[in-house]
There are 2 protein chains.
Amino acid sequence: APKFVTSSRAAVSMHFPPINESVDKGNPKVVTTVKCEDIKGKGVYCRCWRSKTFPNCDASHVKWNEERGDNVGPLIVMAAKPAE
Amino acid sequence: APKFVTSSRAAVSMHFPPINESVDKGNPKVVTTVKCEDIKGKGVYCRCWRSKTFPNCDASHVKWNEERGDNVGPLIVMAAKPAE
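Here the structure is a predicted model, which means the values were calculated and not measured.

Draft legend 1. How the structure looks around the interface of chain B and chain A. At the junction of the two partners, chain B supplies 48 residues and chain A supplies 48 residues. Taking both sides of the interface into account, the surface hidden between chain B and chain A amounts to around 3,700 Å²; carbon and sulfur atoms contribute 57%. Its largest share of buried area at the contact with chain A, chain B owes to B:I19, B:R47 and B:N71, together 20% of the area lost on that side. Where chain B touches chain A, the interface holds 2 salt bridges. Across the pair A:K25 and B:D70 runs a salt bridge whose closest N-O atoms are separated by 3.2 Å. The tally of links from chain B across to chain A stands at 34 residue pairs in polar contact (both at pLDDT 80 or more). Of all elements in the fold, only α1 (8-15), β1 (30-35), α2 (60-68) and β3 (72-78) of chain B reach the threshold of two or more residues within the side of chain B that touches chain A. The element contributing the most residues to the side of chain B that touches chain A is β3(B), with 7 residues. A breakdown of the residues in the side of chain B that touches chain A according to their chemical character gives 27 nonpolar, 9 polar and 12 charged.

Below you can see the structure in the form of structure tokens.
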């Protein structure tokens, strides 16, 4: 019988899916840099890679956690309080 | 023949693994808050959920990306430059 041959990459991704399914997949490593002085009040940053406003959180983790029984959530960065 | 019954949660986690396998799994949602005034120079924060120094990045994403054909990387937060 013909052997069912999958490329190792396909086999890997089929059985062990990546964390990031769709963000900037042409980029070998998605690193985001933000500056504290650009943050107004606070910045909420996605760590579930499902946000439609990535790198910012849009609460997509809520649906993900429900569907997958996961417990991921965002990173919140509080801007420094302006000197009084 | 006996029906092979798995709990839906087990079935979900077997076929669709969570992003977070081991960080603070007793917590329903792992949200991390950091303050800009506490960041010295820059903070590098994990988004692959494999870091042994979570929430900080320890480059675990390199191994993950190689094994999974993924492209996740950290969030870098640059502290505000001190006023000169």
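Draft legend 2. Representation of the nonpolar core in the model. With 18 residues, the main nonpolar core has A:I19, A:W49, B:I19 and B:W49 as its most contacted residues. Once residues within four sequence positions are removed from consideration, B:I19 is found in contact with A:I19, A:C48, A:R50, A:W64, A:D70, A:V72, B:W49 and B:R50. Within the second largest apolar cluster, 14 residues are counted, among which are A:I39, B:V34, B:C36 and B:I39.

Draft legend 3. Highlighting helix α2 (residues 60-68) of chain A. Residues and elements named next belong to chain A. All of the buried residues in α2 are S60, H61, W64, N65 and R68. On an axial view of α2, the arc spanned by its buried residues comes to 130°, and they lie on one face. Facing away from the buried side of α2 by over 90 degrees, the exposed positions are K63 and E66. Positive phi shows up at G69, right after α2, with a value of about 65°.

The rules behind these values
Residues numbered from 1 in each chain as written. Chains lettered and ligands numbered in written order. Predicted model: local features only at pLDDT ≥ 70, side-chain atom pairs only at ≥ 80, totals over all residues. Heavy atoms only, no water. Contact = heavy atoms within 4.5 Å. Buried area = accessible area lost by both parts, 1.4 Å probe. Salt bridge = Lys/Arg side-chain N within 4 Å of Asp/Glu carboxyl O. Polar contact = N/O pair within 3.5 Å; in protein donor to acceptor, adjacent residues only side chain to side chain. Helix = DSSP H or I, 4+ residues; strand = E, 2+ residues; numbered from the N terminus. Nonpolar A, V, L, I, M, F, W, Y, C, P; charged D, E, K, R; others polar. Core = buried A, V, L, I, M, F, W, Y, C linked by side-chain atoms within 4.5 Å. Buried < 20%, exposed > 50% of the residue type's maximum accessible area, 1.4 Å probe, protein only. Arc of directions from axis to C-beta.

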